[in-house]
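# Summary of the model geometry
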Amino acid sequence: MVRVRFAPSPTGALHIGGVRTALFNYLFAKKHGGEFLLRIEDTDQNRYVEGAEDYIIKSLEWCGLTYDEGVGKGGKHAPYRQSERKALYREYAEALLANGWAYYAFDSAEALEAQRKAFEAKGDTFIYNWATRGSLENSLSLPKEEVEKRLQRGDAYVVRFKMPEGETLQMHDMIRGDVTIDTSTLDDKVLFKSDGMPTYHLANIVDDHLMEITHVIRGEEWLPSMALHLLLYRAFGWQAPEFAHLPLILKPVGNGKLSKRDGIKYGFPVFPMEWEEEGTLLKGFRGEGYFPEALINFLTLLGWNPGGDKEIFSIEELIELFDLEKVHKAGARFDPEKIKWFNHQYLQMKSDTALAELFQPILKEKGLSYPTAALARVVGLIKERATFVADFWELGSYFFVRPTEYDAKALKKQWKDNTSEIIDEVSDILRNAESFSSLALEERIKQYIEEKGYGFGQVMPPLRLALVGEMKGPHIFDIMEIIGKEETLDRLKNIQLATKG
Ligand code: GLU
């Protein structure tokens, strides 16, 4: 049974890279008929941010990445919030102390800082490991009685992992393949502190084991921890899960990892939903009008693709095709234009009625009310050029409010000596029209144009200006039908007044 987890720390808004990690876990679990868990890793109280956990849960929900077990849902391994599992980790730290894979260290922060400085002065880097631990204050260097005394006295300590010296560790990553590391280059990481809190490393391994995680799929920034994690499994005598480290999401231009600052600087979202930080409201993908399906489709193809030219995939297709081992090793560049393209595609696929419903709140905000069925017709005429639902206003506001100004350049070009007369004649025809359907109107006006021997260019552009205010918009007669006879006639009258005045 495949069991995977998304294990974010609630240190701020979930970044788009985190969403992709959750997504790849989700796809992998679904593909293998497995289970997907959400565990909140909140052992570092200093980095805890109010509201972040809630934001993570709501973001996953908005993206449709439903989990089977976890915070807010429960499950057979509850609780799933590490701060609520605190009591559990001590016994695991003690087990490692007992079997020799860990030791107590009493060095103060100042003492370690002094070491760091001394090494730096020699052009070296201080590492707490096999080479230095003998001359530092810990249970490997101090006499047994001294260690006992300090523990009894309640001196502050940390429990450190005893990283083996000179072992060439062979590791396997599902994406990166075989990776080798010399353990002499690694440090004795802190696993547990005397305040009773485990560090990330200990809590993460203990929980992955207890929660029966089979595959650890996470960001590339955790690759350097893989050796320690594998050794921890060995130290506990547990079977290690498989590991897969996902490539970074890179900035649109230049080098390095996409950061939230890039989003602010270049004006594109990097968070799934609205998030307030330092007094600024960042709208996130949801707030900017992106559809979650578009975001998911876009993100899946960031670092993986199933080959071929097809780019639009439903979540079911993605699950079917997804192959973790084909995820790229190299970082994937974030392209803000590409996600707009996806949104445009997904908008076109939605029904006019669904889009009209999404557009209703925007109209309401503008104090306008419009029946959804009629709105759906409008949407159908303008959606082709829209990327976001909010674009409908920019593209079709003239359906709802009559123009009060006319594009001066266009007016100058289109308004001839006899235009006013033409508008009057067309108004008469429209006033007497029995049917106000687009088709009937088109036929009737065409007939008039022919009878008079006019060119289309003499009649249609002025009509468009009258109805829209500029030279844009769909078929003129569709507009007339939708806004209706009275409104059409009023608009024709208005342009006459404006041009005469
Ligand atoms: N809590 C870690 C994070 O915030 C989880 C890393 C892991 O998945 O092992 O990314």
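Summarised in this report is the structure supplied together with it. (Residues numbered from 1 in each chain as written. Predicted model: local features only at pLDDT ≥ 70, side-chain atom pairs only at ≥ 80, totals over all residues. Heavy atoms only, no water.)

To continue, consider the layout of surface pockets. The calculated volume of the largest pocket comes to roughly 1,200 Å³. Lining the largest pocket we find 46 residues, and of these Ser9, Thr11, Arg47, Glu221 and Trp222 sit closest to its centre. Looking at the lining of the largest pocket element by element, the count peaks at four residues for helix H1 (residues 16-31). Here the lining of the largest pocket is built from residues that sort into 19 nonpolar, 13 polar and 14 charged. Along its surface, the second largest pocket is lined by 14 residues, and Arg286, Glu288, Gly289, Val389 and Ala390 are the ones closest to its centre. (1 Å grid on protein atoms, 1.4 Å probe; cavity = no way out; pocket = protein on both sides within 12 Å on 5 of 7 lines; lining within 4 Å. Points joined across faces, edges and corners; volume = space filled by probe spheres on them. Helix = DSSP H or I, 4+ residues; strand = E, 2+ residues; numbered from the N terminus. Nonpolar A, V, L, I, M, F, W, Y, C, P; charged D, E, K, R; others polar.)

Right, let's get into the site of the ligand. Every residue lining the ligand is accounted for by Arg5, Ala7, Pro8, Ser9, Glu41, Tyr200, Asn204, Arg218 and Trp222. Here Glu41 contributes a side-chain N or O atom positioned 2.6 Å from a nitrogen atom of the ligand. Mapping the ligand onto the cavity grids shows that it belongs to the largest pocket. Split into classes, the residues belonging to the shell around the ligand amount to four nonpolar, two polar and three charged. (Near = heavy atom within 4 Å. Polar contact = N/O pair within 3.5 Å; in protein donor to acceptor, adjacent residues only side chain to side chain. Sits in = over half its atoms within 2 Å of the grid points.)

Examined against the element boundaries, Ala227 turns out to sit in helix H7 (residues 226-236). Overall, the relative accessible area of 1% leaves Ala227 in the buried class. When sequence neighbours within four positions are dropped, the list of residues in contact with Ala227 reads Leu169, Met171, Ile181 and Leu186. (Buried < 20%, exposed > 50% of the residue type's maximum accessible area, 1.4 Å probe, protein only. Contact = heavy atoms within 4.5 Å.)

Another aspect to go through is the pattern of salt bridges. This model, assessed by the stated rule, comprises 38 salt bridges. A salt bridge links Arg85 to Asp207; the nearest nitrogen and oxygen atoms lie 2.8 Å apart. With Arg85 in the loop between strand E3 (69-70) and helix H3 (86-98) and Asp207 in helix H6 (residues 200-210), this pair connects stretches of sequence that are 122 residues apart. For Asp207, a relative accessible area of 0% puts it in the buried group. The closest approach of N and O atoms between Arg286 and Glu274, which form a salt bridge, is 2.9 Å. One end of the pair, Arg286, is in helix H9 (residues 284-287); the other, Glu274, is in the loop between helix H8 (260-266) and strand E12 (275-277), with twelve residues separating them in the sequence. With relative accessibility at 38%, the residue Arg286 sits in the partly exposed group. Taking the relative accessible area as the measure of exposure, Glu274 reaches 29% and is therefore partly exposed. If you follow the salt bridges from partner to partner, you end up with Arg5, Arg39, Glu41, Arg85, Asp207 and Asp208 in one network. (Salt bridge = Lys/Arg side-chain N within 4 Å of Asp/Glu carboxyl O.)

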